[in-house]
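# Geometric and topological summary
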Amino acid sequence: MADVTTLRTAAETGLSKLFEVQRLKLPGAAIAREEAFRYFEAAGLPHRRVEAFKYTDLRAAVREAAPPADAPEPETARNAVKAARGFAGIEAARVTFVNGHLVAALSDLAGLPEGLEVVPFAKAMAEGHPLLDHLAPVEQTRENPIYQLNAAFMADGVVIRVADGTKVERALHLRFVGTGNAPFSTATRVLVVAGTESEVTILESHEGPDGIAYQPNDVLDVVIGDRARVLHSRLNIEGDAAIALSTISARLGAGSHIETVNVVTGAVLSRHQLYLHFAGDDATATVNGAAMIRDGQLADSTLLADHAALGGISREQFKTVIDGDATGVFQGKIIVRQVAQKTDGKMKSDCLLLTDEGQMMNKPELEIFADDVACGHGATCGAPDEDLLFYLMARGLPRPQAESLLVQAFLGEAIEAVTHEGARAAMIAETEAWLARRG
């Protein structure tokens, strides 16, 4: 048989060259990095022939491999953080990253509440911290090229441990800020291990410069102990030329709960992946998303909820507003294993098209192997209701203002699920700012 040669793109070739340079400089186990990159190298950048990436062709979108960002100069970091707006003004303990590097001088690592431990990821990897055994808690991430690319290049982040029985009153804000005048890439990893009957609120914001084709790839791994609660709010306000990739993987113990809400207005292309594994009985999850995109943007939300224990409850609701020729993508799957009797799973994706040029790709799925369940999914897509617009305009509101009110009401159903009052207000403010920029 003739040999088959796999053609590689310039970006894939560039990533191979970068890995050969970086792999000996990065902290942690070189063998684990090598295995992760070899998996990625075999798979390559995902493209539309890969079913999970049918609507988000990264091989076509990523033309060049941006070099890993260097640690910023102190003055550069201070200026970038001073201009950051994500969750600004909210009372929280802040952990700050600039260009993917932890900046201790701009973080609140001292004076944390008793029972809350935050360890720099680079230090944890170099010292072989025992909590790192919890990395990659969800099996499906092992076959995901984006996750494996992060595993190969991850340079910094934090390991967060919440002790058993600890209720952390003050929110922890993971602040990611990008800065620079040339393309760069970052690969950060955050691991949260919430002990039995603990509770923690995590705010996560991502932003960077406009006009720069930078490439962040961030991962949040969450391990939730029995009867623990993790409340998570994420804000993507990345620069308008960024290609932003992100993954959340969470393993839920018995009686535990996770709330995660992701709001997207930034990046020319973003893909946010969520992998939930219900490992313990009677675990619950609330997963919401709100995306507001325009002018050629693509925002992809991909979800897998894997029910592998009794009595799990999951609620997923995603709202997308599309202006101009933007493209929205929602891919969601609920899997109910044979052992997961009494599972209750509901998934919904709704899209509001403000112009005729936009498009929305919805692909909700159910895969059920149990017979005593209550599961359902749905998707809708359409223009603003003309009768409601007429009603508002008949009372003196100009059409743009009337349309804005309908958009805010449409998105509010997803954002109102945020438990943290300050985070909820910040997300509502971002929707208002997006509408104001629309004019």
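Residues numbered from 1 in each chain as written. Predicted model: local features only at pLDDT ≥ 70, side-chain atom pairs only at ≥ 80, totals over all residues. Heavy atoms only, no water.

## What to know about the pairing of strand β5 (residues 171-177)
Threshold: Each residue is assigned to one of three classes by its accessible area relative to the maximum for its type, calculated with a 1.4 Å probe on protein chains only: buried under 20%, partly exposed between the two thresholds, exposed over 50%. Secondary structure counts use DSSP, requiring at least four H or I residues in a row for a helix and at least two E residues in a row for a strand, with both numbered from the N terminus. Paired strands, in this sense, are two strands between which DSSP finds at least two bridges.
With seven of seven residues buried, β5 is to be regarded as a mostly interior element. Every second residue of β5 is oriented toward a common face, with Ala-171, His-173, Arg-175 and Val-177 on one face and Leu-172, Leu-174 and Phe-176 on the other, all of them buried. By the bridge criterion, seven bridges tie strand β1 (residues 92-98) to β5 in an arrangement that is parallel. If you follow Ala-93 over to β5, its bridge partner there is Leu-172. Relative to strand β7 (residues 199-207), β5 runs parallel, the two being bridged by six bridges.

## What to know about the packing of helix α1 (residues 10-22) against helix α6 (residues 145-153)
Going by this rule: Between the N-to-C directions of two axes lies an angle of 0 to 180 degrees, each axis being a line fitted to C-alpha atoms and, for a helix, fitted only over the stretch in contact. Our angle categories are set so that under 35 degrees counts as roughly parallel, over 145 as roughly antiparallel, 65 to 115 as roughly perpendicular, and the remainder as oblique. Two residues form a contact once any of their heavy atoms are found within 4.5 Å. In this count, Pro and Cys sit with the nonpolar residues alongside Ala, Val, Leu, Ile, Met, Phe, Trp and Tyr, while Asp, Glu, Lys and Arg are called charged and the others, Gly among them, polar.
Taken N-terminus to C-terminus, the directions of α1 and α6 make an angle of 30 degrees; their axes are 10 Å apart at the nearest point. As summarised for this structure, α1 and α6 are arranged roughly parallel, according to the angle between their axes. Of the residues in α6, those touching α1 at Leu-15, Leu-18, Phe-19 and Gln-22 are Leu-149, Ala-152 and Phe-153. Across the contact of α1 with α6, the residue classes tally to six nonpolar, one polar and no charged.

## Description of the confidence of the model for the chain
Definition in use: Per-residue confidence from the predictor is reported as pLDDT, a score between 0 and 100.
Here the chain averages 94 in pLDDT, while 98% of its residues score no lower than 70. Predicted confidence is poor over residues 1-5, with pLDDT under 50, and the contacts of this stretch with residues over four places away or in other chains come to zero contacts.

## As for the pattern of salt bridges
How we decide: We count a salt bridge whenever a side-chain nitrogen from Lys or Arg sits within 4 Å of a carboxyl oxygen from Asp or Glu.
In total, this model carries 31 salt bridges according to the counting rule given. A salt bridge links Glu-51 to Lys-363; its shortest N-O distance comes to 2.9 Å. Taken together, the residues Glu-51 in the loop between α2 (30-43) and α3 (58-61) and Lys-363 in strand β18 (residues 359-368) connect sequence positions 312 residues apart. Overall, Glu-51 belongs to the partly exposed group, its relative accessible area being 46%. Salt bridges sharing partners connect three or more residues here, namely Arg-8, Glu-20, Arg-23, Glu-34, Arg-38 and Glu-41.

## Considerations on the packing of α2 against α6
Which entries qualify depends on this criterion: Helix crossings are classified by the rotation of the near helix relative to the far one: an anticlockwise turn of less than a right angle makes the crossing left-handed, while a clockwise turn makes it right-handed.
As a packed pair, α2 and α6 sit with axes 8 Å apart at the nearest point and diverge in direction by 145 degrees. α6 is crossed by α2, and the crossing has left-handed handedness. Together, Arg-33, Ala-36, Phe-37, Tyr-39 and Phe-40 of α2 and Pro-145, Gln-148, Leu-149, Ala-151, Ala-152 and Phe-153 of α6 make up the contact between the two elements. Residue composition of the contact of α2 with α6, by class: nine nonpolar, one polar and one charged.

## Section: the domain arrangement of the chain
Inclusion rule: A domain assignment, automatic or from a database, supplies the domain bounds used here. Accessible area, probed at 1.4 Å, shrinks when two parts are joined; the buried area is that loss added up over both.
According to the domain assignment, the chain consists of domain 1 (1-280), domain 2 (296-306 + 321-383) and domain 3 (386-438). Using only C-alpha atoms to locate each centre, domain 2 and domain 3 end up separated by 22 Å. Taken residue by residue, the interface counts six residues in domain 2 and six residues in domain 3. Together, the buried faces of domain 2 and domain 3 total about 600 Å²; carbon and sulfur atoms form 74% of this surface. Between domain 2 and domain 3 we count one salt bridge in total.

## Thoughts on the nonpolar core
Nonpolar side chains tend to gather and get buried jointly when the protein is soluble and globular. Note the cut-off: Nonpolar core, defined: a set of buried Ala, Val, Leu, Ile, Met, Phe, Trp, Tyr and Cys residues in which side-chain atoms within 4.5 Å join the residues together.
Membership of the largest hydrophobic core comes to 52 residues, with the highest contact counts inside it found for Val-95, Val-158, Ile-160, Leu-174, Val-190 and Leu-252. In terms of residues, this core owes the most to one element, strand β13 (residues 284-293), which gives four residues. Two domains each provide a minimum of three residues to this core, namely domain 1 (1-280) and domain 2 (296-306 + 321-383). Discounting residues that sit within four places of it in the chain, Val-95 has contacts with Leu-102, Ser-107, Leu-109, Val-118, Val-158, Leu-172, His-173, Leu-174 and Arg-175. Counting 24 residues, the second largest nonpolar core, distinct from the first, contains Leu-235, Val-321, Val-418 and Ala-423.

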